Amino acid sequence: MSDTLSHSVSVFGLGYVGCISAACLAWLGHRVIGVDVNPDKTEALRRGVSPVVEERIGELIAEVVGSGDLSVSTDPVAAVASTDLSLVCVGTPSAHGGGLSTAYLEQVTDEIGAALAVKQGWHVVVYRSTMVSGTCEDVLIPRLEAASGKRAGRDFGVCVNPEFLREGTSVRDFLDPPKTVVGATDTRGAEMVLGLYAGLPGPRFQVPIPVAEMTKYVDNSFHALKVGFANEIGAICSSLALDSHAVMDIFLADTKLNISTAYLRPGFAFGGSCLPKDVRALTHAARRNDLDVPLLANLLTSNESHMRRAVDLVLANGRHKVGIFGLSFKPGTDDLRDSPMVELTERLIGKGFHVKIYDATVMLSRLTGANRTYIRQQLPHLGELLTDDVDAVLDHGEVLIIGSREPRVVEAIARAGADRLIIDLVRLPDAGQLRGAPNYQGIGW
């Protein structure tokens, strides 16, 4: 824990970003109050149980709740009144047409503005939610000022502090960030936000608010671009009977010009709650300004081609019993939002395939975690196909689709008979030896 000056912080929205931010800030020594309209999340946190499945988060939340550094509230006015800063971490989902929905942001902004109206003293409103450049100054600050009757930059501070967290390693990324970016209306607010992360490594940038808003889109669009580029290289190499990973090993050795190895491994389609949504939003912003951005505009088209290739591999085999290992968009998490594995499963079911699914983290989430309601309401038919018995899926499948490198999955696939077709979307540890086997097909190697 940090020995630096501590602050009191209210965190609005206890999804992945909010939950991780609240727990890590409390662990760093700040006093944190979590605020959410979902009673399942607040009740879980009140009992010291994480509402999300993530590496280290369970132990961290139990520790900071037990110490009293993290508490929860359903009263936004009281939360703002008793804290120095409010972090807004609510979702910004895609709207119809690819734009960004700011409905949740606006709702929370109005609540905080009303709380500022009756609060005495300085307070800083910090937006961690991803939003298109211009949203804070054009939409949110006017709402804060209207609801509070006060002036941003004079009576209260407003900052944009984007997060750079990867699901599956979010705690690690929070405590060892690649960078810290703060856009602010005033120096006082910026210094308070930067003080939250005192002692953490990485470069720090204090920039105008629109620049801070844009940084997350630049990062996520580039990450999406890297995944699509690597997958297209994988497809080409596969058609030429080349091992794409052997080719990419040479490419990735150039860390001077090729930037880094992150996201640059051929594999299946990208998904999750960030990349598809942010690519859509950025290209939508370009269209609004009559700008032609063909590379960005075709990223999702390229991604869709990898989805179709996976479906075609199953169709070409002619067998209809399919075992799927891994359902979440990224191994080690329980997040099903925009998961390419969910989309692949839905398409196969729609084409009449008989499917069974194994994903240990999603099964756990179905019982106790953040996806319980989502599975029940949005994917009830998939929930019925889920099992925690890896052998049941192995025995069922004439075609085995690998979307996870979890040890139990790797061990089960090692026992699969030669009569089962293995379609590898994640590159199993022994993929180099499996390549060329008649019952093995890598998606891009």
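Only a predicted model underlies this, so the values are computations on that prediction, with no experimental measurement involved.

1. Notes on the packing of aromatic side chains
Working definition: an aromatic ring pair is given by the centre-to-centre distance plus the angle between the planes. Summed over all chains, the structure comprises three aromatic pairs. With a centroid separation of 6.5 Å and an interplanar angle of 55°, the aromatic rings of F325 and Y358 are classed as tilted. Of this pair, F325 sits in strand β9 (residues 321-325) while Y358 sits in strand β10 (residues 354-358), placing them 33 residues apart in sequence. Relative accessible area serves as the criterion here: at 0%, F325 is assigned to the buried category.

2. So, the UniProt feature "domain: Peptidase A2" (unreviewed entry) in the protein chain
According to UniProt, the positions carrying the feature "domain: Peptidase A2" (unreviewed entry) are residues 410-445. This span, residues 410-445, is 25% helix and 19% strand, and a straight line between its end C-alpha atoms measures 18 Å.

3. Considering helix α1 (residues 16-27)
Side chains three or four residues apart in an α-helix point the same way, a direct result of the helix having 3.6 residues per turn. Between its first and last C-alpha, α1 extends 16 Å over twelve residues, near the 16 Å set by a 1.5 Å rise per residue. Along α1, ten of the twelve residues are buried, which leaves the element largely enclosed by surrounding structure. What α1 keeps buried is the set Y16, G18, C19, I20, S21, A22, A23, C24, L25 and A26. In the segment just after α1, G29 is the residue with positive phi, at about 110°.

4. Side note on the pattern of salt bridges
Counting across every chain of the model gives 21 salt bridges. When the shortest N-O distance is used, the salt bridge between E343 and R347 registers 2.7 Å. Taken as a pair, E343 and R347 lie in helix α14 (residues 340-350) at a separation of four residues, close to a single helical turn. For R347, a relative accessible area of 23% gives the class partly exposed. For D391, the salt bridge is made with R415, and the minimal N-O distance between the two is 2.7 Å. Within this pair, whereas D391 is found in helix α18 (residues 390-396), its partner R415 is found in the loop between α19 (407-414) and β13 (421-424), the two being separated by 24 residues in sequence. Connected via shared salt-bridge partners are E304, R308, E343 and R347.

5. Some thoughts on the sheet that holds strand β8 (residues 204-207)
Within the open sheet, the eight strands sit side by side as β3-β2-β1-β4-β5-β6-β7-β8. Their pairing is mixed. Two strands in the sheet have a free side with no partner beyond their single neighbour: β3 (70-73) and β8. In this sheet, neighbouring strand axes are inclined to one another by 25° on average, regardless of whether the strands run parallel or antiparallel. The pairing of strand β1 (residues 8-12) with strand β4 (residues 85-88) spans four bridges and is classified as parallel. In the strand pairing of β4, S10 is matched with S86.

6. Some words on the sheet that holds strand β11 (residues 386-387)
Sheets are built from strands that pair by backbone hydrogen bonding, the pairs being arranged parallel or antiparallel. One open sheet holds the six strands; their spatial order is β11-β10-β9-β12-β13-β14, and the pairing between them is parallel. Bordering the open sheet on either side are β11 and β14 (440-442), each of which pairs with just one other strand. In this structure, β10 lies alongside β11, joined through two bridges in parallel fashion. Along β11, the bridge assignment pairs I357 with L386. Across the sheet, helix α13 (residues 299-317) lies against β9, β12 (399-402), β13 and β14, angled at about 175° from β13, the strand it touches most. Strands in contact with α19 are β9, β10, β12 and β13; relative to β12, the strand with the most contacts, it is inclined by about 150°.

7. Description of the UniProt feature "binding site: NAD(+)" (unreviewed entry) in the protein chain
UniProt annotation of "binding site: NAD(+)" (unreviewed entry) refers to D36, K41, T92, T130, E167, K277 and R337 when read in the numbering used here. The greatest C-alpha distance among the residues just named is 23.9 Å, and with 302 residues of sequence between them they are spread in space as well. Tracing the chain through its elements places T92 in the loop between β4 and α5 (103-118). Taking the relative accessible area as the measure of exposure, T92 reaches 5% and is therefore buried. Not counting residues up to four positions away in its chain, the partners in contact with T92 are L100, S101, L105, S129, T130 and K277. Mapped onto the fold, K277 is located in helix α11 (residues 275-288). When sequence neighbours within four positions are dropped, the list of residues in contact with K277 reads T92, P93, S94, L100 and T130. In terms of polar contacts, K277 uses its side chain to reach the backbone carbonyl oxygen of T92, at 3.1 Å.

8. A few points about the environment of V181
When you line up the elements, V181 lands in strand β7 (residues 180-184). Residues V181 and V211 lie 30 residues apart in sequence; the distance between their C-alpha atoms is 9.3 Å. Not counting residues within four places of it along the chain, the set of residues in contact with V181 comprises V160, N161, P162, F164, F205, V207, A212 and T215.

So, how was this worked out
- Residues numbered from 1 in each chain as written.
- Predicted model: local features only at pLDDT ≥ 70, side-chain atom pairs only at ≥ 80, totals over all residues.
- Heavy atoms only, no water.
- Phe/Tyr/Trp six-rings, centres within 6.5 Å; stacked < 30°, edge-to-face > 60°.
- Helix = DSSP H or I, 4+ residues; strand = E, 2+ residues; numbered from the N terminus.
- Buried < 20%, exposed > 50% of the residue type's maximum accessible area, 1.4 Å probe, protein only.
- UniProt positions renumbered as here; feature names shortened; annotations may be inferred.
- Expected span 1.5 Å × (residues − 1).
- Salt bridge = Lys/Arg side-chain N within 4 Å of Asp/Glu carboxyl O.
- Pairing = 2+ DSSP bridges.
- Axes fitted to C-alpha atoms, helices over the stretch in contact; angles between N-to-C directions.
- Contact = heavy atoms within 4.5 Å.
- Polar contact = N/O pair within 3.5 Å; in protein donor to acceptor, adjacent residues only side chain to side chain.

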